[in-house]
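Working through the structure, step by step
Now for the letters of each chain:
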Amino acid sequence: MKTHFLLAALAALVFACPRDLHGGVEAQDARPAVPDGFSWRRLEDVRIDVLVPNGWLVTPFEEKGTVAYKITTDKTYQTGLTINIITDVSNKTEKLSAALGKTVNAPLYAVYQIEQYKKNSTTVLDEWHRKSFPFLICGCEVLKDIDGVESHIRSTAIGNVTTDTLYVWMFGSPASSWEDAWAFGEKMLNPILVDREF
């Protein structure tokens, strides 16, 4: 069994600790215990394991070279987790690389994604950056208008410098129901397991 890595950026280090501790990666050989009301779901094509609340929908899709999953309470997609994975980033960011005058690999694209996300939000509540080889982890917590609904979102981008793979995940809900939603989100993101060789 391949060693998986716990992206603690999605757990206590990103979501519960002070700003200077955001981000981190730890080796993880086995799945941690499952909280009540959740089960592990293997996203085999991208080698990710994620905790899913019982009864929530898992919807895969692919668009413009990005493999993605939505894990949501219902088909309105207002509350839940979105996971995006882009492989071979350097070959998919040629226009951006040309504009910046240098190759944009997965870690640089992680920073770019979060900066764009912050720019397109109404309020930035928090942000974080951390290196933990082979990952660069950065993220933000924002308020953002989505289809006329003020939404509260935590977004994390993780670039793997070795494999040139980018992971972006966002947990969000309408701002008015954030506390109830976050009771699920904190468990879903604590942890997400990825294969560092993917």
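These remarks concern the structure in this document. Just so we're clear, the structure is a prediction, and the values are computed from it rather than from any experiment.

1. Some thoughts on the environment of D49
Among the secondary structure elements, D49 is positioned in strand β4 (residues 48–53). Residues D49 and L193 lie 144 residues apart in sequence; the distance between their C-alpha atoms is 5.0 Å. A distance of 3.1 Å separates a polar atom in the side chain of D49 from a polar atom in the side chain of R42.

2. Digging into helix α4 (residues 106–119)
Side chains that are three or four residues apart share a direction in an α-helix, a result of its 3.6 residues per turn. Its 14 residues give α4 an end-to-end C-alpha distance of 20 Å, which sits within 8% of 20 Å, the value for a rise of 1.5 Å per residue. Taken as a whole, α4 has its buried residues at A106, P107, Y109, A110, I114, Y117 and K118. For α4, the side-chain oxygen to backbone nitrogen distance between the N-cap and L108 is 3.1 Å, and the N-cap itself is N105.

3. Section: the packing of aromatic side chains
Taken as a whole and judged by the stated rule, the model has 7 aromatic pairs. Each ring, one from Y109 and one from Y112, has its centre 5.8 Å from the other, and the planes form 10 degrees; the classification is stacked. Taken together, the residues Y109 and Y112, both in helix α4 and 3 residues apart, mark about one turn of the helix. By relative accessible area, Y109 is classed as buried at 16%. Above the face of the Y117 ring, K144 is positioned so that its terminal group lies 4.5 Å from the ring centre. Over the ring of W182 we find R154; its NZ or CZ atom is 5.2 Å from the centre of that ring.

Conventions adopted
Sequence order as written defines the numbering, with residues in each chain counted from 1. Thresholds applied to this predicted model are a pLDDT of at least 70 for local features of residues and 80 or more for the giving and counting of side-chain atom pairs; totals over whole chains, interfaces and linings are not thresholded and use all residues. Where side-chain values are given, they derive from all heavy atoms of the structure, hydrogens and water being excluded. Where helices and strands are cited, they refer to DSSP runs of H or I of at least four residues and of E of at least two residues respectively, numbered from the N terminus. We call two N or O atoms a polar contact when they sit within 3.5 Å, provided that within protein one can donate a hydrogen and the other can accept it, with sequence-adjacent residues counted only if both atoms are side-chain atoms. Multiplying 1.5 Å by the residue count of a helix minus one yields the expected span of that helix. Burial status follows relative accessibility: with a 1.4 Å probe on protein chains alone, a residue under 20% of its type maximum counts as buried, one over 50% as exposed, and anything between as partly exposed. Only rings of Phe, Tyr and Trp enter the pairing, Trp through its six-membered ring, and a pair is recorded when the two centres are within 6.5 Å. The plane angle decides the type: under 30 degrees is stacked, over 60 is edge-to-face, the rest tilted. Both a distance and an angle decide whether a charge sits over a ring: NZ of Lys or CZ of Arg must be within 6 Å of the ring centre and within 35 degrees of the ring normal.

Keep in mind these numbers describe shape, not what the thing actually does.
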